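# Per-entry structural report
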Amino acid sequence: MDIVVLLKQVPDTEALIQIGDDKTSIRTEDVKWVINPYDELAVEEALRIKEADGGKVTIVTVGPERAVESIRTALAMGADEGILIDDPAAQGSDALGTARMLAAAVKKTGYDLIIAGQRAVDDDGYQVPAAVAEFLKIPQIAMVIKEEISGSKITCERTVEGGTMVVEADLPALFTTQRGINDPRYASLPGIMKAKKKPLTTMTLAD
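Residues numbered from 1 in each chain as written. Predicted model: local features only at pLDDT ≥ 70, side-chain atom pairs only at ≥ 80, totals over all residues. Heavy atoms only, no water.

### Points about a nonpolar patch on the surface
There is a patch of nonpolar side chains on the surface, built from Leu189, Ile192 and Met193 and spanning about 300 Å² of accessible area. Residue placement: Met193 occurs in helix 5 (residues 189-195). (Patch = residues over 30% accessible without salt bridge, like charges linked within 9 Å, V, L, I, M, F, W, Y side chains within 5 Å. Areas by Shrake-Rupley, 256 points an atom, 1.4 Å probe, with all protein chains shown as cover. Salt bridge = Lys/Arg side-chain N within 4 Å of Asp/Glu carboxyl O. Helix = DSSP H or I, 4+ residues; strand = E, 2+ residues; numbered from the N terminus.)

Quick look at the structure:
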């Protein structure tokens, strides 16, 4: 099974955030950057599916060169390869623009299942995964706390106000992770060493 994880690099939740001189961005000097916590859940769930059913896990992100560090962290956890979309024209893109880029990259990569965090903790946006699913014309299930794959179908338990509900969809599909689905593993030292040799491709918008 080919699994794609959509990942975003965000400032550490404990970092001191200051407004930039342009009044529309943040100062990036001395900011510690990490994998978006909800995307870390997505990486872990992808690895568990791979360990159970076999296949490959590909990490895809849009960002500047520093985002390589977060991709390498996911590779050290056990993912197989990474793709970074790094282009000056991509900087400052809104959710729809980011989703267009991710969907285009995922199309070229191939996929059976796409997993993403249910939101990013920096801009608190929920839109990118749903837009990616729309561009790819595949089902999306949000806020998943449990999933099971059987043949060509996926069954997910998702949170809703006041409880949970069970949703089934045909593969390929996209689902987003909610807290409670798993506890992400730490990257081991052997994993960190192996990550340095795993393929990591940088794409531009032209690609």
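### What about the sheet that holds strand 7 (residues 140-150)?
Strand order in this open sheet of 9 strands is 9-8-7-10-6-1-4-5-11, and the pairing throughout is mixed. Every other strand in the sheet has two partners, leaving strand 9 (163-170) and strand 11 (200-203) as the edge strands with one partner each. In this sheet, adjacent strand axes meet at a mean angle of 30° when their direction is disregarded. Across the sheet, helix 4 (residues 127-136) touches strand 1 (2-6), strand 6 (113-117), strand 7 and strand 10 (173-177), and the angle it forms with strand 10 is around 175°. (Pairing = 2+ DSSP bridges. Axes fitted to C-alpha atoms, helices over the stretch in contact; angles between N-to-C directions. Contact = heavy atoms within 4.5 Å.)

### What to know about unusual backbone geometry
Note on backbone geometry: most residues besides glycine have negative phi, and most peptide bonds are trans. Each neighbour pair has its own omega, and for Leu171 with Pro172 the value is 0°, a cis peptide bond. Along the chain, Pro172 turns up in the loop between strand 9 and strand 10. Positive phi outside glycine occurs at Lys137, with the angle close to 60°. Following the sequence through the fold, Lys137 ends up in the loop between helix 4 and strand 7. Of note, the phi angle at Met143 is positive, near 60°, even though the residue is not glycine. In this structure, Met143 sits in strand 7.

### Observations concerning the nonpolar core
Counting residues in hydrophobic clusters, the biggest one holds 33 residues, and the most contacted among them are Val43, Val57, Ile59, Ile115, Ile154 and Phe175. Residue assignment for this core shows that the elements contributing at least two residues are strand 1, helix 1 (37-53), strand 4 (56-62), helix 2 (68-77), strand 6, strand 7, strand 8 (153-160) and strand 10. Considering every element that reaches this core, the biggest residue donor is helix 1, with 7 residues. In terms of nonpolar packing, the next biggest core, distinct from the first, is built from 22 residues, Ala99, Met101, Ala116 and Ile138 among them. (Core = buried A, V, L, I, M, F, W, Y, C linked by side-chain atoms within 4.5 Å. Buried < 20%, exposed > 50% of the residue type's maximum accessible area, 1.4 Å probe, protein only.)

### Quick look at the packing of helix 3 (residues 95-109) against helix 4
Between helix 3 and helix 4, the least distance of the axes is 8 Å, while the angle of their chain directions is 50°. One way to sum up the angle between helix 3 and helix 4 is to call them oblique. By crossing handedness, the relation of helix 3 to helix 4 is classed as right-handed. Here Ala95, Leu96, Thr98, Ala99, Arg100, Leu102, Ala103, Val106 and Lys107 of helix 3 lie close against helix 4, whose contacting residues are Gln127, Val128, Ala131, Val132, Phe135 and Leu136. Residues belonging to the contact of helix 3 with helix 4 are distributed by class as follows: 11 nonpolar, 2 polar and 2 charged. (Parallel < 35°, antiparallel > 145°, perpendicular 65-115°, else oblique. Left-handed = near helix turned anticlockwise from the far one by under 90°. Nonpolar A, V, L, I, M, F, W, Y, C, P; charged D, E, K, R; others polar.)

### Comments concerning helix 4
The α-helix advances 3.6 residues per turn, and as a result positions three or four apart in sequence lie on the same side. Within helix 4, the full set of buried residues consists of Pro129, Ala131, Val132, Ala133 and Leu136. Those residues of helix 4 that are buried lie in contact with strand 1, helix 3, strand 6, strand 7 and strand 10. Positive phi appears at Lys137, one or two residues downstream of helix 4, with a value of about 60°.

### A word on the packing of aromatic side chains
Taken as a whole and judged by the stated rule, the model has 0 aromatic pairs. Here the basic side chain of Arg66 rests over the ring of Trp33, its NZ or CZ set 3.4 Å away from the ring centre. When the ring centre of Tyr38 is taken as reference, the NZ or CZ atom of Arg179 above it lies at 4.7 Å. (Phe/Tyr/Trp six-rings, centres within 6.5 Å; stacked < 30°, edge-to-face > 60°. Lys NZ or Arg CZ within 6 Å of the ring centre and 35° of its normal.)

### Considering the pairing of strand 5 (residues 81-85)
Extensive coverage of strand 5 is indicated by the burial of 4 of its 5 residues. As judged from the 5 bridges shared by strand 4 and strand 5, these two strands associate in the parallel manner. Along strand 5, the bridge assignment pairs Thr61 with Leu84. Viewed along the sheet, the connection from strand 4 through helix 2 into strand 5 turns out right-handed. Taken together, the 4 bridges between strand 5 and strand 11 define a ladder with parallel strand orientation. Paired with Ile85 across the bridge in strand 11 is Met203. (Right-handed = clockwise from strand over helix to strand, strands pointing away.)

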